[in-house]
Amino acid sequence: MTAPRPVVYLDPETASILTRCYRGESNRAVIARAIRLLADADGHLTPDGRIKQRRPA
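Let us look at the structure shown here. What you are looking at is a predicted structure, and each value in this text was computed from that prediction instead of being measured.

## As for the overall build of the protein
For step 1, the next point in the chain: Helices and strands together make up the secondary structure of the protein, namely two helices and zero strands.
For step 2, the next point in the chain: The C-alpha extent of the protein, read off along each of the three principal axes, is 40 × 35 × 20 Å.
For step 3, the next point in the chain: Counting across all 57 residues of the protein, residues that qualify as buried make up 9%.
For step 4, the next point in the chain: As displayed, the protein has an accessible area near 5,700 Å², and 57% of this comes from carbon and sulfur atoms.
For step 5, the next point in the chain: Within the protein, the 6 negative side-chain charges are centred at a point lying 6 Å from the centre of the 10 positive side-chain charges.

In structure tokens, the structure reads:
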């Protein structure tokens, strides 16, 4: 049994960007790519794309 896919609700401005700028691409694929880019830019991923382990405070 697999876990249910999460539902993501977009605000109107984000939905407009998605539909106007990424025509012909899967919404799911575009959002997944955006999340990975954001996590990488924020320093949450290792160079090979895995989530960094958090160190206890």
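On we go.
## Considering helix 2 (residues 27-41)
Helical geometry note: an α-helix holds 3.6 residues per turn, so side chains three or four residues apart project in the same direction.
For step 1, the next point in the chain: An ideal rise of 1.5 Å per residue puts 21 Å on 15 residues; helix 2 measures up with 21 Å between its terminal C-alpha atoms.
For step 2, the next point in the chain: Gly43, located one to two residues past helix 2, shows a positive phi value of around 80°.

## Considering the environment of Pro6
For step 1, the next point in the chain: Mapped onto the elements, Pro6 comes out in the segment before helix 1 (12-21).
For step 2, the next point in the chain: Overall, the relative accessible area of 68% leaves Pro6 in the exposed class.

## Regarding the side chain of Thr46
For step 1, the next point in the chain: In this structure, Thr46 sits in the segment after helix 2.
For step 2, the next point in the chain: Side chain to side chain, Thr46 and Asp48 meet in a polar contact 2.3 Å long.

## Focus on the pattern of salt bridges
For step 1, the next point in the chain: Inspection of every chain in the model, using the stated rule, returns two salt bridges.
For step 2, the next point in the chain: Notably, a salt bridge pairs Arg33 with Glu25, separated by 3.1 Å at the nearest N-O pair.
For step 3, the next point in the chain: On the basis of relative accessible area, Glu25 is assigned to the partly exposed category, the value being 35%.
For step 4, the next point in the chain: Note that Asp48 and Arg50 form a salt bridge whose closest N and O atoms lie 2.9 Å from each other.
For step 5, the next point in the chain: Its relative accessible area of 52% is what places Asp48 among the exposed residues.

How each quantity is defined
Residues numbered from 1 in each chain as written. Predicted model: local features only at pLDDT ≥ 70, side-chain atom pairs only at ≥ 80, totals over all residues. Heavy atoms only, no water. Helix = DSSP H or I, 4+ residues; strand = E, 2+ residues; numbered from the N terminus. Buried < 20%, exposed > 50% of the residue type's maximum accessible area, 1.4 Å probe, protein only. Areas by Shrake-Rupley, 256 points an atom, 1.4 Å probe, with all protein chains shown as cover. Lys, Arg positive; Asp, Glu negative; His and termini not counted. Charge placed at Lys NZ, Arg CZ, Asp CG, Glu CD. Expected span 1.5 Å × (residues − 1). Polar contact = N/O pair within 3.5 Å; in protein donor to acceptor, adjacent residues only side chain to side chain. Salt bridge = Lys/Arg side-chain N within 4 Å of Asp/Glu carboxyl O.

Functional significance is not addressed by these values, which are geometric in nature.
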